[in-house]
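Understanding the architecture of this molecule
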Protein chains: 2
Amino acid sequence: MPLSLNPAAQDLLFREARTANTFSDEPVTDEQMRVVYDLIKYGPTAFNQSPLRIVLIRSPEARERLLAHMAEGNRPKTSSAPLVAILATDHEFHEELPRLLPFAPDAKDTHFADRPVREEAATLNGALQAAYFLIGVRAAGLAAGPMTGYDAAGLREEFLDDDHAPLMVVNIGRPGPNPWHPRLPRLAYDDVVTAV
Amino acid sequence: MPLSLNPAAQDLLFREARTANTFSDEPVTDEQMRVVYDLIKYGPTAFNQSPLRIVLIRSPEARERLLAHMAEGNRPKTSSAPLVAILATDHEFHEELPRLLPFAPDAKDTHFADRPVREEAATLNGALQAAYFLIGVRAAGLAAGPMTGYDAAGLREEFLDDDHAPLMVVNIGRPGPNPWHPRLPRLAYDDVVTAV
């Protein structure tokens, strides 16, 4: 039972794609990020709420500010990656709903008037979009190194605001020397899937 | 600046893939789900924690129990989809860490001893894996219809337990007649991405 997706694409996105720990010097351009976003923006979210927001760390000064909030073990790779992106989710995403969900312009107020409801929805749907982004980076032939080891409050204060919460920080670039550890085990189908 | 991923694969996974609202009668087999899982299990999670758990609704009796907890607007498609899956996340995922993260057998206790820490990690990483699953269903040439419109407490009590929380319910199958609404707008790159 083969997949419709061709084997080379399966390898590129999942089987041979790995979380890189070292990177080459080759820059990652805004044009590459634009092509990635223009593909992954189509991934589904509930109510098309699309809460993902991305901060690209481009200046050396911003890189230094970021490093100060990363866990110590994540600093060397975050320091050397050609591009680092903060993926955040927007707790005020509902303000965009009238244009994102034109057939239900009231959803903004009927479904998402309460901030706690929005925060829960933005966490889930922002995470879905973060995963689409990781897949998109791989689709561009680049390695992604997602990390959650950082001081979230500090990162938020430094680069975001009260309406935006960080989901992860991602190192992006072509793999460098000895870029990855051996592949870790995964749970088997029968460990994960049950049928009723 | 083209992507490394070939255009047909881009279309299959993102551009032409859509959230189906109607389905054909063609069954979705366990073998198909096994092939999907054996691809998407490689998607990255923090600490390789792999918290996603999947309940396939196979029996008519289970389908009836599920429908009772779905929002009314989701019932017709959830009733007609060839296969419905509950995607859940395991708040006790740390019990598997000794075999998933063999080089750091203590992570179970050093990082994830506290339940609230585990719940937050399981929500984020379970959502990443849910997105990989949606991509994997599309990679199999099937349409996925993810939904969060249900009574979460009821669903949890009916099909899960105190250690597993639902993330979404997904209708899976080949698209039927008039399967989708027109594509909704997406946010532009410059609405989503900033550089510092």
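Residues numbered from 1 in each chain as written. Chains lettered and ligands numbered in written order. Predicted model: local features only at pLDDT ≥ 70, side-chain atom pairs only at ≥ 80, totals over all residues. Heavy atoms only, no water.

Looking now at the sheet that holds strand S3 (residues 143-147) of chain B. The sheet built from five strands is open, its strands ordered S5(A)-S1(B)-S2(B)-S4(B)-S3(B) with mixed pairing. On the outer flanks of this sheet lie strand S5 (193-195) of chain A together with S3 of chain B, each paired with one strand and no other. Each neighbouring strand pair of the sheet contributes to a mean axis angle of 25°, computed without reference to strand direction. Note: S5(A) against strand S1 (residues 52-57) of chain B, three bridges, orientation parallel. Bridge assignment links A:Thr194 to a residue of S1(B), and that residue is B:Val55. Against the sheet, helix H8 (residues 152-159) of chain B engages S1, strand S2 (83-90) and strand S4 (164-173) of chain B, with an angle of about 90° to S4(B). (Pairing = 2+ DSSP bridges. Helix = DSSP H or I, 4+ residues; strand = E, 2+ residues; numbered from the N terminus. Axes fitted to C-alpha atoms, helices over the stretch in contact; angles between N-to-C directions. Contact = heavy atoms within 4.5 Å.)

Here we take up the pairing of S1(B). Residues and elements named next belong to chain B. Most of S1 sits out of view: six of its six residues are buried. Side chains Leu52, Ile54 and Leu56 project from S1 onto one buried face, and the interleaved Arg53, Val55 and Ile57 project onto a second face that is buried too. Of the pairings in the sheet, the one linking S1 to S2 comprises six bridges and is antiparallel in character. Note on S2: the bridge partner recorded for Arg53 is Ala88. (Buried < 20%, exposed > 50% of the residue type's maximum accessible area, 1.4 Å probe, protein only.)

This part covers the interface of chain A and chain B. One widely used convention gives an interface's size as the accessible area the parts lose upon coming together. Taken together, the contact between chain A and chain B spans 77 residues of the former and 77 residues of the latter. Between chain A and chain B, a total of about 6,900 Å² is buried, with carbon and sulfur atoms accounting for 71% of that surface. There are four salt bridges connecting chain A and chain B. A salt bridge links B:Arg34 to A:Asp190; its shortest N-O distance comes to 3.3 Å. Seen at the junction of chain A and chain B, the total is 34 residue pairs in polar contact (both at pLDDT 80 or more). (Buried area = accessible area lost by both parts, 1.4 Å probe. Salt bridge = Lys/Arg side-chain N within 4 Å of Asp/Glu carboxyl O. Polar contact = N/O pair within 3.5 Å; in protein donor to acceptor, adjacent residues only side chain to side chain.)

Below, the discussion takes up the relation of the copies chain A and chain B. Here the second copy of the chain follows from the first by a rotation about an axis and a shift along it. By a simple turn and slide, chain A fits onto chain B: the slide is 0.0 Å along the axis, the RMSD is 0.0 Å, and the turn is 180°. In the structure described here, the two chain copies are related by an operation that fits a two-fold rotation axis. (Least-squares fit on C-alpha atoms with pLDDT ≥ 70 in both.)

This part is about the packing of aromatic side chains. Residues and elements named next belong to chain A. Tallied over the entire structure, the rule returns eight aromatic pairs over all chains. With 5.1 Å between their ring centres and 75° between their planes, Phe93 and Phe112 make a pair best called edge-to-face. Note that Phe93 is positioned in the loop between strand S2 (83-90) and helix H5 (97-100) and Phe112 in the loop between helix H6 (107-110) and helix H7 (115-139), a separation of 19 residues in sequence. Both residues of the pair, Phe93 and Phe112, count as buried. Each residue in the set Phe47, Phe93 and Phe112 is aromatic and connected to the rest through ring pairs, giving one cluster. (Phe/Tyr/Trp six-rings, centres within 6.5 Å; stacked < 30°, edge-to-face > 60°.)

Residues and elements named next belong to chain A. Across the eight residues that make up S2, a large majority, eight, are buried. Of the two faces of S2, the one lined by Leu83, Ala85, Leu87 and Thr89 and the one lined by Val84, Ile86, Ala88 and Asp90 are each fully buried. As judged from the eight bridges shared by S2 and strand S4 (residues 164-173), these two strands associate in the antiparallel manner. Counterpart to Leu83 in the pairing with S4 is Ile172.

Right, let's get into the side chain of B:Lys41. One can find B:Lys41 in the loop between helix H2 (30-40) and S1. For B:Lys41, a relative accessible area of 16% translates into the label buried. Residues within four places of B:Lys41 in sequence aside, it is in contact with A:Arg186 and A:Leu187.

For helix H2 (residues 30-40) of chain A, the complete set of buried residues consists of A:Gln32, A:Met33, A:Val36, A:Tyr37, A:Leu39 and A:Ile40. Angularly, the buried residues of H2(A) cover 160° about the axis, an arc narrow enough to put them on a single face. Turning to H2(A), the residues buried within the fold contact strand S1 (52-57), S2, H7 and S4 of chain A together with helix H1 (7-15) and helix H9 (189-192) of chain B. (Arc of directions from axis to C-beta.)

As a further point, take unusual backbone geometry. The backbone of A:Phe47 sits at a positive phi, close to 60°, despite the residue not being glycine. Residue position: A:Phe47 is located in the loop between H2 and S1. Of note in the backbone geometry, B:Ser50 takes a positive phi value of approximately 50° without being a glycine. Tracing the backbone shows B:Ser50 in the loop between H2 and S1.

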